[in-house]
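The lines below spell out each chain.
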Amino acid sequence: MAKMSRTWWGERFLEAIAEFAEPGRLQRGRSYSSEHRLLKFNIDNGSISATVRGNVNPYFGVYKEPKYSVKVSLEHIPAGDWPGVIQHLSSRAGSMAKLLLNEMPDSIEESFEYVGQNLLPVNFQDFKCKCSCPDWSNPCKHIAGVCYRLAKDLDRDPFLLFELRGLSRDVLQAELLKSPLGQLLATELKVREKVEPESAAAFFSQPTPVEPSKEVDPKVFWQGQKRLPKSKAAITPAAISAILVKKQGDYPAFWEKDKSFIEVMEEVYQRVRTKNQSIL
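Residues numbered from 1 in each chain as written. Predicted model: local features only at pLDDT ≥ 70, side-chain atom pairs only at ≥ 80, totals over all residues. Heavy atoms only, no water.

**What about the overall build of the protein chain?**
Of regular secondary structure, the protein chain possesses twelve helices and four strands. For the protein chain, with 280 residues in total, the buried portion stands at 36%. A separation of at least 24 residues holds for 62% of the contacts in the protein chain among residues at least 6 apart in sequence. About 19,600 Å² of surface is accessible on the protein chain, with carbon and sulfur atoms providing 55% of the total. (Helix = DSSP H or I, 4+ residues; strand = E, 2+ residues; numbered from the N terminus. Buried < 20%, exposed > 50% of the residue type's maximum accessible area, 1.4 Å probe, protein only. Contact = heavy atoms within 4.5 Å. Areas by Shrake-Rupley, 256 points an atom, 1.4 Å probe, with all protein chains shown as cover.)

**Observations concerning the packing of helix α1 (residues 8-20) against helix α6 (residues 141-156)**
Axis separation between α1 and α6 bottoms out at 8 Å; the angle between their running directions is 160°. In terms of orientation, α1 and α6 fall into the roughly antiparallel class. Helix-helix and strand crossings are classified by hand; for α1 and α6 the assignment is right-handed. Across the interface between the two elements, W9, G10, F13, L14 and I17 of α1 pack against C147, Y148, L150, A151, L154 and D155 of α6. Its residues placed into classes, the contact of α1 with α6 shows nine nonpolar, one polar and one charged. (Axes fitted to C-alpha atoms, helices over the stretch in contact; angles between N-to-C directions. Parallel < 35°, antiparallel > 145°, perpendicular 65-115°, else oblique. Left-handed = near helix turned anticlockwise from the far one by under 90°. Nonpolar A, V, L, I, M, F, W, Y, C, P; charged D, E, K, R; others polar.)

**Concerning the pairing of strand β1 (residues 38-44)**
Alignment of β1 against strand β2 (residues 47-53), held across six bridges, turns out to be antiparallel. Note on β2: the bridge partner recorded for L38 is V52. (Pairing = 2+ DSSP bridges.)

**Comments concerning the pattern of salt bridges**
Two side chains of opposite charge can pair, provided their charged atoms sit close to one another. Tallied over the full model, the rule gives 14 salt bridges. In this structure, D153 and R149 form a salt bridge, with 3.4 Å as the shortest nitrogen-oxygen distance. Placement of both D153 and R149 in helix α6 is noted, with a separation of four residues, approximately one turn of the helix. According to the relative accessible area criterion, R149 is buried, its value standing at 16%. Measuring nitrogen to oxygen at the nearest pair gives 3.1 Å for the salt bridge that ties K178 to E175. Salt bridges sharing partners connect three or more residues here, namely E35, R149, D153 and R156. (Salt bridge = Lys/Arg side-chain N within 4 Å of Asp/Glu carboxyl O.)

**Overview of helix α3 (residues 82-90)**
Of all nine residues in α3, seven are buried, a share of seventy percent or more. Among the residues of α3, W82, G84, V85, I86, H88, L89 and S90 are the ones counted as buried.

**Thoughts on the sheet that holds β1**
The strand order across the open sheet built from four strands is β1-β2-β3-β4, with neighbouring strands paired in antiparallel fashion. Strands at the two margins of the open sheet, each flanked by one partner only, are β1 and β4 (127-131). Here the average twist between neighbouring strands, direction ignored, is 10°. Pairing of β2 with strand β3 (residues 67-74) involves seven bridges; the strand directions are antiparallel. Its bridge partner being in β3, A50 is matched across the sheet by V70.

**Overview of the packing of aromatic side chains**
Using the criterion set out here, one finds eight aromatic pairs in the structure. With a centroid separation of 5.5 Å and 90° between ring planes, the pair formed by F254 and F261 is classed as edge-to-face. Residue F254 is classed as exposed on the basis of its relative accessible area, which comes to 60%. Members of the aromatic cluster, each reached through a chain of ring pairs, are W82, F112, F159 and F162. Positioned over the ring face of Y32 is R37, at 4.6 Å from the centre of the ring. Directly above the ring of F41 sits R149, whose terminal nitrogen or CZ lies 4.4 Å from the centroid. (Phe/Tyr/Trp six-rings, centres within 6.5 Å; stacked < 30°, edge-to-face > 60°. Lys NZ or Arg CZ within 6 Å of the ring centre and 35° of its normal.)

**As for the side chain of S33**
Along the chain, S33 turns up in the loop between α2 (23-29) and β1. A polar contact is formed between the side chain of S33 and the backbone oxygen of R30, at a distance of 2.8 Å. (Polar contact = N/O pair within 3.5 Å; in protein donor to acceptor, adjacent residues only side chain to side chain.)

**Section: the nonpolar core**
Grouped together as the largest cluster of nonpolar side chains are 50 residues, with contacts concentrated most on F13, I17, V72, F112, I143, V146 and F162. Ranked by residues supplied to this core, first place goes to α6 with eight residues. For I17, the contacting residues outside a window of four places in its chain are L26, F127, P139 and C147. Counting six residues, the second largest nonpolar core, distinct from the first, contains V245, W255, F261 and M265. (Core = buried A, V, L, I, M, F, W, Y, C linked by side-chain atoms within 4.5 Å.)

**Considering the side chain of S95**
Tracing the chain through its elements places S95 in helix α4 (residues 93-100). Among the residues examined, S95 registers a relative accessible area of 4% and is labelled buried.

Structure, rendered in structure tokens:
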């Protein structure tokens, strides 16, 4: 089955939904994440509201195309825990640098575990989902479709996770910049931004034109000023055949055959060395 998310945090988000969602509804929900189904999809103050196009089904008495309202949000992290999270993040240069570059650090969860919280949802208690459809299951296929769409948005903008948890991107970055490490990194990033790129006339270096000489003899030009020697000097064979290959060791990672890779390369070297010798 193809993945619906390209990043590790998007996959983790969908894995959390799969933990408590009914597999059949979850599978059908994938088709409800398209633009054709999602008539409206808004994120405001950490809450997602969407309008999903349903199906006409005369068997259940649905003769007109229904439109269902869906709301999805995550449980907010208590305001008293955010200072501890930011303090832990501010002590790590790698995490700080990635966050200031609008990237998600791989070890981001360590800062939330430091205060007993988690950024990514881990169970049903982290979600607040509601749909106006008559399906009794939560999440229904419409909620699943909205969550799949949200996972795609998280791929492009991981800071949506912070907003869904109750902290906006601007507040987070402002708090990170208050720390000494944040100020130092921000100064370095500003210096790099000021460096103006140098424009080039072309992608590749241009050849220097040379005026052709009118005194060049065409015969000399094509045959050269010196004739090739009639006899060739003897070539001393290498003391160790395929020495460059042997230095790297036998059976490299890309070699899947049982026969020795070095033996095969020795044979290749020998063929190259002796091929067409009789013509010269």
